[in-house]
Amino acid sequence: GRYKEAGENLELASGLAEKSGDRTQVASVLGALGNLYIATGPGDTALKHLNEGLRIARELNNQDLSATILNNLGNLLAAQKKYPEAVAAYNESAALAKSRNNRVLLAKALTNAATASIQNKQYKEAKTLLDNALDEIRALEPSHDKASGLISIGLAYDNLRSKLPESKDALLLLAHETFSEAAKVADSIGDRRTSSYAWGYLGKLYEDERRYDEALQLTRRATFAAQQINVPESLYRWEWQTGRLLTRQGNIDDAIGAYRR
């Protein structure tokens, strides 16, 4: 989230890459700048950098870099609510990642394609994409990418529950499985920040099912993980969730304390 500092460093990197004449580095920096401008705007600047980086990557036949930039291009198109174009970019990214046996990027592109498909009301297609992404991510060794990828897939399964009512129980189980697996992976590698999200989102599932005692237990695990490494961008969520759960249990004084924190 420190966009200004990121931009300054990337602009410096861009100048150095241009000076060195290394076109792979030039394309890589352009792709990163495009990704930065997705967050900060303007969108036209993001598109310009991404397209230029992609053009160079394709000229160099650098499929790994092309796949990365295409995934970022999909993010821009999705942010602009151009969902069919976003899905096309994600699918192209996934195909290139698969050809390079890059399972991390393949799973990420498939998950992003599923999320865009949900926005485009293509719910069954989204479910298939998520299932494929889950197969890829489960094949990875324990890592931050695996844990965070599982969380993204779990969130998308949870989002689909209201869109595919005939499959809501199966989707609930899948979301539960992926969050649980993410938490175990994150705990096993000491990734406390990712662990806090995994346990917290798992707690939210139990909250949605009105199983407040279990939800509170899981939320406290999320809170403890976030407190250990002082990550307020995570911790505030679980204090808020704790407040909601305590309120529903009738424990108003403790709920107020959680809301204040």
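Before any of the text, the structure's been laid out above.
What counts, and at which threshold
Residues numbered from 1 in each chain as written. Predicted model: local features only at pLDDT ≥ 70, side-chain atom pairs only at ≥ 80, totals over all residues. Heavy atoms only, no water. Patch = residues over 30% accessible without salt bridge, like charges linked within 9 Å, V, L, I, M, F, W, Y side chains within 5 Å. Areas by Shrake-Rupley, 256 points an atom, 1.4 Å probe, with all protein chains shown as cover. Salt bridge = Lys/Arg side-chain N within 4 Å of Asp/Glu carboxyl O. Helix = DSSP H or I, 4+ residues; strand = E, 2+ residues; numbered from the N terminus. Buried < 20%, exposed > 50% of the residue type's maximum accessible area, 1.4 Å probe, protein only. Contact = heavy atoms within 4.5 Å. Axes fitted to C-alpha atoms, helices over the stretch in contact; angles between N-to-C directions. Parallel < 35°, antiparallel > 145°, perpendicular 65-115°, else oblique. Left-handed = near helix turned anticlockwise from the far one by under 90°. Nonpolar A, V, L, I, M, F, W, Y, C, P; charged D, E, K, R; others polar.

Help me understand a nonpolar patch on the surface, please; the structure alone is not making it clear to me.
A grouping of Tyr236, Trp240 and Tyr259 is seen on the molecular surface, where their side chains present a nonpolar patch of about 360 Å² in accessible area. Within the fold, tyrosine 236 resides in helix 12 (residues 232-248). When its relative accessible area of 44% is taken as the criterion, tyrosine 236 is described as partly exposed.

Quick question: what am I supposed to make of the environment of tyrosine 83 here?
Structurally, tyrosine 83 can be placed in helix 5 (residues 83-99). Given a relative accessible area of 14%, tyrosine 83 falls into the buried group. The spatial distance from the C-alpha of tyrosine 83 to the C-alpha of threonine 115 is 9.4 Å, given a sequence separation of 32 residues. In contact with tyrosine 83, other than residues within four places in its own chain, are Ala78, Ala116, Gln119 and Asn120.

Help me understand the packing of helix 6 (residues 103-119) against helix 7 (residues 123-138), please; the structure alone is not making it clear to me.
Packed helices, taken two at a time, are described by the angle between their axes plus the distance between the axes. Packing of helix 6 against helix 7 brings their axes to within 8 Å, and their N-to-C directions diverge by 165°. Classified by the interaxial angle, the pair formed by helix 6 and helix 7 is roughly antiparallel. Note on packing geometry: the crossing formed by helix 6 with helix 7 is left-handed. Of the residues in helix 7, those in contact with Arg103, Leu106, Ala107, Leu110, Thr111, Ala113, Ala114, Ser117 and Ile118 of helix 6 are Tyr123, Ala126, Leu129, Leu130, Asn132, Ala133, Glu136 and Ile137. A breakdown of the residues in the contact of helix 6 with helix 7 according to their chemical character gives 12 nonpolar, three polar and two charged.

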